[in-house]
Amino acid sequence: NAGVTQTPKFQVLKTGQSMTLQCAQDMNHEYMSWYRQDPGMGLRLIHYSVGAGITDQGEVPNGYNVSRSTTEDFPLRLLSAAPSQTSVYFCASRGGLAGTDTQYFGPGTRLTVL
Amino acid sequence: GENVEQHPSTLSVQEGDSAVIKCTYSDSASNYFPWYKQELGKGPQLIIDIRSNVGEKKDQRIAVTLNKTAKHFSLHITETQPEDSAVYFCAANSGGGADGLTFGKGTHLIIQP
């Protein structure tokens, strides 16, 4: 198993550009989520999905869109990037069984918005 | 929603000594408390977790304790080694489990040789 994979590893955008951060998992997990990590702030939940076709907002959803068309993939879209979105982004997944809370994280995407 | 506080933000210990990191949480419905270790340039990795029906859990040099009444849980690392140097995060779920984990702000653990 590759686990949780993310692409790209690094990205530089100009203000106003759009892009999609890719996330995929091969563990057949129902639950997937996106976090952003900023210095001194820990990890904050952006959006999550409990299964294909179902998404919901987390703590800091503004400026981000998500969709979940398959169990494996959960892309994060920035429609019009802003400098405040400079951060490291982590995707995570966990199994859908009750009580299966262990989350597995991808290696992260470091995004800089100029 | 859940709020998780973590202390200290930086902890420096001599190699071989013990390290303790403490967290408090606010949501009494939370029932799952994992600890993650993050090395530079990598994603967080689960090192130990505890559920609310257990007071203590141990895995070799790492242990976690939970006090549900006081709403706090702690990570204990004994006989620290240089490879323990990293940032450690505590987290708590939100009872229902569907909306992810709430993380503390992290502790930078430095092991002095």
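Presented here is an overview of the structure given in this document.

Basis of the calculations
Per chain, the residues get numbers from 1 upward, laid out in the order the sequence is written. Chains carry letters and ligands carry numbers; both start at the beginning, A for chains and 1 for ligands, and go up in the order they are written. Only residues with pLDDT of at least 70 are given local features in this predicted model, and only at 80 or more are side-chain atom pairs given and counted; all residues enter the totals for whole chains, interfaces and linings. Each side-chain value is derived from all of the structure's non-hydrogen atoms; neither hydrogens nor water enter the calculation. In this analysis, rings of Phe, Tyr and Trp, with Trp reduced to its six-membered ring, are considered paired at centre separations within 6.5 Å, and the interplanar angle assigns stacked below 30 degrees, edge-to-face beyond 60, and tilted for intermediate values. Only DSSP runs of H or I with at least four residues qualify as helices, and only runs of E with at least two residues qualify as strands; both kinds are numbered from the N terminus onward. Only protein chains enter the area calculation, which uses a 1.4 Å probe; residues under 20% of their type maximum are buried, those over 50% are exposed, and those in between are partly exposed. By the criterion adopted, a ring carries a charge over it if an Arg CZ or a Lys NZ lies within 6 Å of its centre and within 35 degrees of its normal. In plain terms, two cysteine sulfur atoms within 2.5 Å form what is called a disulfide here.

**Brief notes about the packing of aromatic side chains**
Applying the stated criterion across every chain yields a total of twelve aromatic pairs over all chains. Between phenylalanine 105 of chain A and tyrosine 36 of chain B, the aromatic rings sit 5.2 Å apart at their centres with planes inclined by 85°, giving edge-to-face as the arrangement. In this pair, phenylalanine 105 of chain A is assigned in strand S10 (residues 104-105) and tyrosine 36 of chain B in strand S4 (residues 32-38), connecting two distinct chains. The exposure class of phenylalanine 105 of chain A is buried, given its relative accessible area of 11%. Seen in terms of ring centroids, tyrosine 25 of chain B and phenylalanine 33 of chain B are 4.6 Å apart; in terms of plane orientation they differ by 45°. Their pairing is tilted. The exposure classification of tyrosine 25 of chain B matches that of phenylalanine 33 of chain B, with both residues buried. The ring of tyrosine 31 of chain A has arginine 94 of chain A lying over it, and the distance from NZ or CZ to the ring centre is 4.1 Å.

**Here we look at unusual backbone geometry**
Between threonine 7 of chain A and proline 8 of chain A the backbone carries a cis peptide bond, its omega angle lying at -5°. Within the secondary structure layout, proline 8 of chain A lies in the loop between strand S1 (4-7) and strand S2 (10-13). Here the phi dihedral of glutamine 60 of chain B falls at roughly 55°; this positive angle occurs in a residue that is not glycine. With respect to the element layout, glutamine 60 of chain B can be found in the loop between strand S6 (56-59) and strand S7 (62-67). The backbone of glutamate 79 of chain B sits at a positive phi, close to 45°, despite the residue not being glycine. Checked against the element boundaries, glutamate 79 of chain B lands in the loop between strand S8 (72-77) and strand S9 (86-92). With relative accessibility at 53%, the residue glutamate 79 of chain B sits in the exposed group.

**Structural notes on the state of the cysteines**
All names here are of chain A. The full count for this structure, using the stated rule, is two disulfides over all chains. Residue cysteine 23 pairs covalently with cysteine 91 via a disulfide, S to S 1.9 Å. In this structure the cystine formed by cysteine 23 and cysteine 91 twists about its S-S bond by roughly -70°; its chirality is therefore left-handed. With cysteine 23 in strand S3 (residues 19-25) and cysteine 91 in strand S9 (residues 87-94), this pair connects stretches of sequence that are 68 residues apart. Of the two residues examined, cysteine 23 and cysteine 91, each falls in the buried class.

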